[in-house]
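The chain contents come next:
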Amino acid sequence: HATNSYYVEKLLGEGGFGVVARCMNVDTEEVVALKMFREYIDKEDAEGEIECLCKLKQLDADTHNVVKFIEHFEYKGRFCLIFEMLDLDLFDFLESRNWRPKACG
Ligand SMILES: Nc1ncnc2c1ncn2[C@@H]1O[C@H](COP(=O)(O)OP(=O)(O)OP(=O)(O)O)[C@@H](O)[C@H]1O
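- An unreviewed UniProt entry lists the protein chain under the name Protein kinase domain-containing protein, with Amphiprion percula as the source organism.

Following this line, the structure appears as structure tokens:
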């Protein structure tokens, strides 16, 4: 059940499960990423994904380097997920470093 209203600003990209758009929380003006599942995605698959995200949400996103999952709701029968807005994907990050390896840990 949605507790917040979002204003859709721009389409960011598409993945296997759905489309992702940059949105603004109308009340707080926080900019977030909304992922809307495609119409044909099985309800069980969507619910499985949401269950995993709810488990991951119990970890601290910053120390575990996972994207912050904010909330989920259904809109016109389609599942929607709200995430923090990220500015770079892994491809762009690696490209910006000219594909140089990076020490981790
Ligand atoms: N949190 C985010 N912040 C900014 N952009 C995002 C965010 N999540 C996704 N995107 C953009 O939307 C595109 C599609 O994201 P999505 O998560 O659906 O991709 P995917 O991992 O390929 O898909 P799937 O997990 O459904 O197979 C990404 O390549 C990226 O450009």
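Here we look at helix α1 (residues 43-56)
For step 1, the next point in the chain: Between its first and last C-alpha, α1 extends 20 Å over 14 residues, near the 20 Å set by a 1.5 Å rise per residue.
For step 2, the next point in the chain: For α1, the set of buried residues is A46, I50 and L53. Buried residues in α1, looked at end-on, bunch into an arc of 60°, giving them a common side. Projecting away from the buried face of α1 at angles above 90 degrees are the exposed residues E44 and K55.
For step 3, the next point in the chain: Packed against the buried residues of α1 are β3 (31-37), β4 (69-75) and β5 (78-84).

Section: the site of the ligand
For step 1, the next point in the chain: In the vicinity of the ligand there are 13 residues, among which G16, F17, K35, E84 and L86 approach most closely.
For step 2, the next point in the chain: The contact in question runs from a nitrogen atom of the ligand to an N or O atom on the backbone of E84, over 2.9 Å.
For step 3, the next point in the chain: Protein coverage of the free-state accessible area of the ligand, which is 620 Å², stands at 62%.
For step 4, the next point in the chain: The biggest single contributor to the shell around the ligand is strand β1 (residues 6-14), with three residues.
For step 5, the next point in the chain: The class makeup of the residues in the shell around the ligand is seven nonpolar, three polar and three charged.

A short note on the sheet that holds β3
For step 1, the next point in the chain: Taken together, five strands build an open sheet; the order of strands is β1-β2-β3-β5-β4 and the sheet is antiparallel. Looking along the sheet, the strands with just one partner apiece sit at the ends: β1 and β4. Sheet twist, expressed as the mean angle between neighbouring strand axes with direction ignored, is 30°.
For step 2, the next point in the chain: Sheet analysis places β1 next to strand β2 (residues 18-25), joined by seven bridges and oriented antiparallel. Paired with Y6 across the strands is N25, a residue of β2.

Here's the deal with unusual backbone geometry
For step 1, the next point in the chain: One non-glycine residue, N98, lies in the positive phi region at around 50°.
For step 2, the next point in the chain: Here N98 shows up in the segment after α3 (90-96).
For step 3, the next point in the chain: Judged by relative accessible area, which is 62%, N98 ranks as exposed.
For step 4, the next point in the chain: The residue W99 is not glycine, and still its phi comes out positive at about 65°.
For step 5, the next point in the chain: Structurally, W99 is set in the segment after α3.

Cut-off values and rules
- Residues numbered from 1 in each chain as written.
- Predicted model: local features only at pLDDT ≥ 70, side-chain atom pairs only at ≥ 80, totals over all residues.
- Heavy atoms only, no water.
- Helix = DSSP H or I, 4+ residues; strand = E, 2+ residues; numbered from the N terminus.
- Expected span 1.5 Å × (residues − 1).
- Buried < 20%, exposed > 50% of the residue type's maximum accessible area, 1.4 Å probe, protein only.
- Arc of directions from axis to C-beta.
- Contact = heavy atoms within 4.5 Å.
- Near = heavy atom within 4 Å.
- Polar contact = N/O pair within 3.5 Å; in protein donor to acceptor, adjacent residues only side chain to side chain.
- Areas by Shrake-Rupley, 256 points an atom, 1.4 Å probe, with all protein chains shown as cover.
- Nonpolar A, V, L, I, M, F, W, Y, C, P; charged D, E, K, R; others polar.
- Pairing = 2+ DSSP bridges.
- Axes fitted to C-alpha atoms, helices over the stretch in contact; angles between N-to-C directions.

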